[in-house]
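This is what each chain is made of:
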Amino acid sequence: MDKNKLKKEYNKKIQNFVKLNKYYYELSKPLVNDYEYDQIKADILSLEKKYDFLESANSPSKIVGFKPSKTFKKVLHKVPMLSLSNAFDEKDLINFEKKINNFLDQKSSNEFEYSAEPKIDGISASLIFKKGKFVTGLSRGDGKEGEDITQNLMTIDDIPKNISSKNFPDEIDIRGEVFIQNNDFENIKDKFANPRNAASGSLRQKNPQDTKKIPLKFIAYTFGYVDSMEIKNQSNYLQKLSEWGFKTNPFNKTIKGIKNLMKNYHEIEKKRNEIDFDIDGIVYKINSFDLQKRLGNVANSPRWAIAHKFSSNKGISTILNIEIQVGRTGALTPVAKIKPINIGGVVVSNATLHNEDEIMRKDIRIGDIVVVERAGDVIPHIIEVNLKKRKKNSKKYIFPIKCPSCGSKTIKEYNSITKKNDAVRRCSSEGYECDKMTIEKIKHFVSKEAFNIDGLGKKIVENFWKLKMIRFPQDIFCLNYEKIKIMDGWGQQSVANLRYAIEEKKNISFEKFVYALGIRHIGFENAKLIAKTLKSPEKFLNLSKENKIDDLLNIDGIGETQITSLKKFFSNKTNLNVIQDLQKILNIKKTIENKTVGVLSDKIFMFTGKLTGMSRAEAKSLIEKNSGTIISNVSKKLDYLIIGEKPTKRKVEAAKELKIKIIDQSELYKLLDKSS
Ligand code: IVH
């Protein structure tokens, strides 16, 4: 890649990094989790390492944190507050020790003694003590200059305000982490994204009285400036800190050799859930202060320390309860309420257990200690149960056989394709008899791909439901706006907006209408197919009256499953009423077909057998692109039956009987070739 292009890319990355810092440090609203942040940082650093012409004042190699906010007075740190480089595995640790050995120019490789300290995920603070008195407290700020947050730090009980020990230095800047314990976070979790955010947010309150309301804790682990101190190493310093009245991390250890660091790392990672504060790794510091001094710093992190990060997407927690949620289609989904844990910067207190079978297979029980995984934006789930830690008196979980919402019988359907019973248990009521199902149906009705009504989100649907303002989808179009106007959180303008959004959606496409009804197995693609085939909404409404549901089987993509579901849907009186009422209120637009003139126009195809070098989906899209139609059953309408490897005999026979042209893949290409 050429130099300019590289520079451009690098600058883009720096811009993004600056933005992330601003949101994290200044606005206390992180845009990404810690793991992602570290990756972005590492990416920039590796680019700089590879191309020495890349540099920026805003690079993570030059700045620590972010400029202090303007609310507080800025104060220079006498000794800068550095950051730590990261290690993710044993290899990184070996490398770290090797570099130290090289730097110290040791003849033979030394194994060093380290202070291994679980890394608390909070906000660092510097506390300046003069003659035993806590006089000034600073935030890290950009590492060079911090914010004077003395008054806020004064409210923290863990910080001693006066120290009278004989051996306490005349002037010392004690540094450590301000954080909030997970159980305390529980009470304020609605206000903040995670415990670290809560700590940072409350430390930045303008009024210390507001800080005082949050139960902040402080753990000490290092120092900045000190006038004189006769201590030889970090472990002794930690010891002294507790003698002086500071809290230190109870899991700190002194360890020699990388193998032992690894062992400790795994032990602590396993214990993570038992600790009531969040740790995101372990900090290793060369224990000897003499060596630390010799090693000094690289850019803005010490050569003598490293943070060994935990993998961020898994955590261990305890199942406090199992709740059953009822979905739009009646599926009973068990959800584990777990002891809140921070996984990759997000506090997780729910994990899906998928379905009844999953609970049985893993024998998941209330009270179990479990490994929870949160990958991307999907709902966290449980990967395994620690059976060794299971209490003797624990009881097998019994899945309810009645719907917890409406008390109806629940069923596990037989799946004719897999020839097994479904893993999912469902409420057997159809339509709107089950409250939970109804609420979910209405949420679906207004959702993005369906009616997409701005300002009618899930929470509002729930609220309107509670207030008995919505019972069926059609009620949305007959809301009492005068009543809403005087409700909490609503005003003239927001009601006007809602009304406008609802009125606007009275004009709806046929396909969206079908999809919005939330018929099981009729997703958006199937709704489109149905709308395209039936063309007019009246035909849809008359499907059941005229006994024509089975005709839909001709549509490629619609199978027995969909037909059964449609029959069940239309056999329910409430569903019919809902459709009829909606039809009176709405203007459902007919499906207008694009008149296409592809080479396969008016031709109807069907496949049987496996194609070569092309998936069925690709072939289908190829035919449709050229205006052909695909159906899934042999009938008189069919023009061509395309056969691949191992075709279904029955289909071929049927086609022969009806004198339908039978072609193979190459003949299909020939037909298509005429177009080019
Ligand atoms: S030592 C010069 N010790 O990690 C070394 N830091 O990325 C830096 N942290 O700003 C401080 N636990 O917020 C040190 N036992 C510990 C720590 C610790 C957590 C945080 C601290 C620091 C950040 C470095």
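Here the structure is shown first, and the text comes after it.
Every value quoted in this text rests on a predicted model; they were computed, and no experiment measured them. Here the residue numbers are simple positions, counted from 1 along each chain's written sequence. It should be noted that, the model being predicted, local features are given only for residues of pLDDT at least 70 and side-chain atom pairs only at 80 or more, the latter also being counted only at that level, while totals for whole chains, interfaces and linings use all residues. Excluding hydrogens and water, the side-chain figures rest on all heavy atoms present in the structure.

Participant: Could you give an account of the overall build of the protein chain, naming the residues involved and the relevant values?
Facilitator: Strands here mean DSSP runs of E at least two residues long; helices mean DSSP runs of H or I at least four residues long; both are numbered from the N terminus. Broken down by element type, the protein chain carries 23 helices and 28 strands. By its C-alpha atoms, the protein chain is 100 × 65 × 55 Å across when sized along the principal axes. Only protein chains enter the accessibility calculation, which uses a 1.4 Å probe; a residue whose area is less than 20% of its type maximum is buried, one above 50% is exposed, and one in between is partly exposed. When burial is assessed residue by residue, the protein chain has 48% of its 676 residues classed as buried. The contact rule is simple, with two residues in contact once any of their heavy atoms fall within 4.5 Å. Taking contacts inside the protein chain between residues at least 6 apart in sequence as the whole, the part at least 24 apart equals 68%. Accessible surface, the protein chain as shown: approximately 35900 Å² in total, 50% of it carbon and sulfur. Considering the protein chain, the positive charge centre built from 121 side chains and the negative charge centre built from 86 side chains are found 2 Å apart. Throughout, the Shrake-Rupley method with a 1.4 Å probe supplies accessible areas, and for residues the shown protein chains are the sole cover considered. Under the counting rule used here, the positive set is Lys and Arg, the negative set is Asp and Glu, and His together with the chain ends is not counted. Positions of charges follow a simple convention, taking NZ of Lys, CZ of Arg, CG of Asp or CD of Glu.

Participant: Provide a residue-level description of the sheet that holds strand S26 (residues 629-630), including the pertinent values.
Facilitator: Strand pairing within a sheet occurs via backbone hydrogen bonds; the two strands may be parallel or antiparallel. At least two bridges found by DSSP between two strands is the condition for calling them paired. Strand order in the open sheet made by the four strands is S26-S25-S27-S28, with parallel pairing throughout. The sheet is open, and its two borders are formed by S26 and strand S28 (661-664), each paired with just one other strand. Where strand S27 (residues 640-643) lies against S28, four bridges are found, and the strand directions are parallel. Bridge pairing in S28 links Ile-643 to Asp-664.

Participant: Outline the environment of Leu-467, supporting the account with residue identities and numerical values.
Facilitator: As for its placement among the helices and strands, Leu-467 is situated in the loop between helix H13 (458-466) and helix H14 (481-485). For the pair Leu-467 and Leu-534, spaced 67 residues apart in the sequence, the C-alpha separation amounts to 38 Å.

Participant: Quick one: what's the story with the environment of Asn-197, residue by residue and with numbers?
Facilitator: In this structure, Asn-197 sits in helix H6 (residues 195-203). Classification of Asn-197 as buried rests on a relative accessible area of 6%. Separated by 119 residues in sequence, Asn-197 and Ile-316 place their C-alpha atoms 21 Å apart.

Participant: Residue-level account of the packing of helix H3 (residues 90-104) against helix H9 (residues 258-271), with values.
Facilitator: If you want to describe how two helices pack, look at the angle between their axes and the distance between the axes. Two numbers describe how H3 lies on H9: the axes approach to 10 Å, and their chain directions differ by 140 degrees. Compared by their axis directions, H3 and H9 come out oblique. H9 is crossed by H3, and the crossing has right-handed handedness. In this structure, H3 contributes Glu-90, Leu-93, Ile-94 and Glu-97 to the contact, and H9 contributes Ile-258, Lys-259, Leu-261 and Met-262. Axis definition: a line fit to C-alpha positions, over the contact stretch in the case of helices; interaxial angles, taken between N-to-C directions, run 0 to 180 degrees. For classification, angles of less than 35 degrees are called roughly parallel, those exceeding 145 degrees roughly antiparallel, those between 65 and 115 degrees roughly perpendicular, and all remaining angles oblique. Two helices cross in a left-handed way if the nearer one is turned anticlockwise from the farther one by less than a right angle. They cross in a right-handed way if the turn is clockwise.

Participant: Help me get a handle on the site of the ligand, residues and values and all.
Facilitator: Taken together, Leu-82, Leu-84, Glu-117, Lys-119, Ile-120, Ser-124, Arg-140, Glu-177, Tyr-221, Val-283, Lys-285 and Pro-302 make up all the residues around the ligand. Glu-177 is positioned such that a nitrogen or oxygen atom in its side chain is 2.8 Å from an oxygen atom of the ligand. Within the side chain of Lys-285, a nitrogen or oxygen atom sits 2.8 Å from a nitrogen atom of the ligand. Counting residues per element, the ones that place at least two in the shell around the ligand are strand S3 (113-120) and strand S10 (279-286). No other element matches S3, which puts three residues into the shell around the ligand. When we say a residue is near a molecule or strand, we mean one of its heavy atoms is within 4 Å of it. Here a polar contact is taken to be a pair of N or O atoms separated by no more than 3.5 Å, where protein atoms must pair a possible hydrogen donor with a possible acceptor and residues adjacent in sequence count only if both atoms sit in side chains.

Participant: Which residues make up the packing of aromatic side chains, and what are the values?
Facilitator: Two rings from Phe, Tyr or Trp (for Trp, the six-membered ring) form a pair when their centres are within 6.5 Å of each other. A pair whose planes differ by under 30 degrees is stacked, one over 60 is edge-to-face, and the rest are tilted. Under the definition given, this model contains 24 aromatic pairs. Relative to Tyr-237, the ring of Phe-223 has its centre 4.9 Å away and its plane inclined at 65 degrees; by these criteria the two rings are edge-to-face. Highlighted residues: Phe-223 in strand S8 (residues 216-226) and Tyr-237 in helix H8 (residues 234-243), separated in sequence by 14 residues. For Phe-223, a relative accessible area of 21% corresponds to the partly exposed category. With relative accessibility at 0%, the residue Tyr-237 sits in the buried group. Seen from their ring centres, Phe-445 and Phe-451 are 4.2 Å apart, and the 15 degrees between their planes marks the pair as stacked. Relative accessible area serves as the criterion here: at 1%, Phe-445 is assigned to the buried category. Taken together, the ring pairs connect Phe-129, Phe-134, Phe-168, Phe-223, Tyr-237, Trp-244, Phe-246 and Phe-289 into an aromatic cluster.

Participant: So, the pattern of salt bridges: which residues are in play, and what are the values?
Facilitator: By definition here, a salt bridge exists when the distance from a side-chain nitrogen of Lys or Arg to a carboxyl oxygen of Asp or Glu is within 4 Å. On inspection of all chains with the given rule, the structure shows 38 salt bridges. The salt bridge partner of Arg-196 is Asp-121, with a shortest N-O separation of 2.9 Å. Here Arg-196 is found in helix H6, whereas its partner Asp-121 is found in the loop between S3 and strand S4 (123-130), with 75 residues between them in sequence. Exposure class is identical for Arg-196 and Asp-121. Each is buried. In the salt-bridge network here, residues are joined through shared partners; they are Asp-363, Arg-365, Asp-368, Arg-390 and Lys-396.

Participant: An account of unusual backbone geometry is needed here, citing residue identities and associated values.
Facilitator: Most of the time, phi is negative for any residue but glycine, and the peptide bond is trans. A positive phi is found at Ser-627, a non-glycine position, where the angle reads about 70 degrees. Following the sequence through the fold, Ser-627 ends up in the loop between helix H21 (616-625) and S26. The residue Lys-659 is not glycine, and still its phi comes out positive at about 60 degrees. With respect to the element layout, Lys-659 can be found in the loop between helix H22 (649-657) and S28.

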